[in-house]
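Residue-level structure breakdown
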Amino acid sequence: MDHPAVAAADAAQRAAGVIAARHRGDLAGAEALLASFPTEQARTLGFYLLAELALGLLRSQAGQSMDELVRELSLHLAAAVNQPPSDQDRP
């Protein structure tokens with residue numbers, strides 16, 4: 001059995017791969033990567049760890065506290081929900 005840290009890192013890498021595939025327009029690749037997670041728990045952990053790492057990098061680059069960054073992100077998410085998708089957001 002894999003060490004939990006190794007399994008978590010693998011899950012985060014798969015999650016990053018899903019996002020990268022989607023952004024390059026490889027929807028079949030993104031779906032295949034999503035299906036490759038061994039469990040729903042592993043998928044959730046992967047995306048959680050990826051978000052945690054990405055927010056940490058952004059926080060250090062922006063010089064904000066995590067609370068400030070999450071507050072700003074929440075405002076952007078709320079605004080995005082209220083806007084129709086642009087042509088760039090469509091596959």
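Going by the structure above, here's the rest.
Now for a quick tour of the structure. None of these values were measured; they are calculated from a predicted model.

Moving on, we get to the environment of histidine 3. Within the element layout of this structure, histidine 3 appears in the segment before helix H1 (4-23). Histidine 3 sits in the exposed class, given a relative accessible area of 53%.

Let's shift gears to the pattern of salt bridges. Side chains that carry opposite charge are capable of pairing whenever their charged atoms lie near each other. By the definition in use, this model includes three salt bridges. For arginine 14, the salt bridge goes to aspartate 10, with nearest N and O atoms at 2.8 Å. Taken together, the residues arginine 14 and aspartate 10, both in helix H1 and four residues apart, mark about one turn of the helix. Residues aspartate 26 and arginine 24 are paired through a salt bridge, measuring 3.8 Å at the closest nitrogen-oxygen approach.

Taking 1.5 Å of rise per residue, 20 residues should cover 28 Å, and H1 covers 29 Å from first to last C-alpha, within 8% of that figure. Buried within H1 are the following residues: Ala8, Ala11, Ala12, Ala15, Gly17, Val18 and Ala21. Lining the buried residues of H1 we find helix H2 (27-35) and helix H3 (40-62). Just beyond H1, the residue with positive phi is glycine 25, at close to 85°.

In this section: the packing of aromatic side chains. Under the definition given, this model contains one aromatic pair. Taken together, a centroid distance of 6.1 Å and an interplanar angle of 35° make the contact between phenylalanine 37 and phenylalanine 47 tilted. Residue phenylalanine 37 is located in the loop between H2 and H3, and its partner phenylalanine 47 is located in helix H3; the two are separated by ten residues in the primary sequence. By relative accessible area, phenylalanine 37 is classed as buried at 6%. Exposure remark for phenylalanine 47: the relative accessible area of 28% places this residue in the partly exposed category.

Rules and cut-offs
- Each chain has its residues counted from 1, following the order in which its sequence is written.
- Note on the predicted model: pLDDT of at least 70 is required for a residue's local features to be given, and 80 or more for side-chain atom pairs to be given and counted; whole-chain, interface and lining totals, by contrast, use all residues.
- The side-chain values count all of the structure's non-hydrogen atoms but skip hydrogen atoms and water molecules.
- Runs of H or I in DSSP of at least four residues are treated as helices and runs of E of at least two as strands, each being numbered from the N terminus.
- Exposed residues in this analysis have more than 50% of their type's maximum accessible area, buried residues have under 20%, and partly exposed residues fall in between, with area computed by a 1.4 Å probe over protein chains only.
- Within this document, salt bridges are pairs made up of a side-chain nitrogen of Lys or Arg and a carboxyl oxygen of Asp or Glu, the two lying within 4 Å of each other.
- Here the expected length of a helix is defined as 1.5 Å per residue gap, with one fewer gap than residues.
- Contacts between residues were defined by any pair of non-hydrogen atoms, one from each residue, lying within 4.5 Å.
- Two rings belonging to Phe, Tyr or Trp (six-membered ring only in the last case) form a pair when the distance between their centres is within 6.5 Å. Interplanar angles under 30 degrees mark stacking, angles over 60 mark edge-to-face geometry, and anything in between is tilted.

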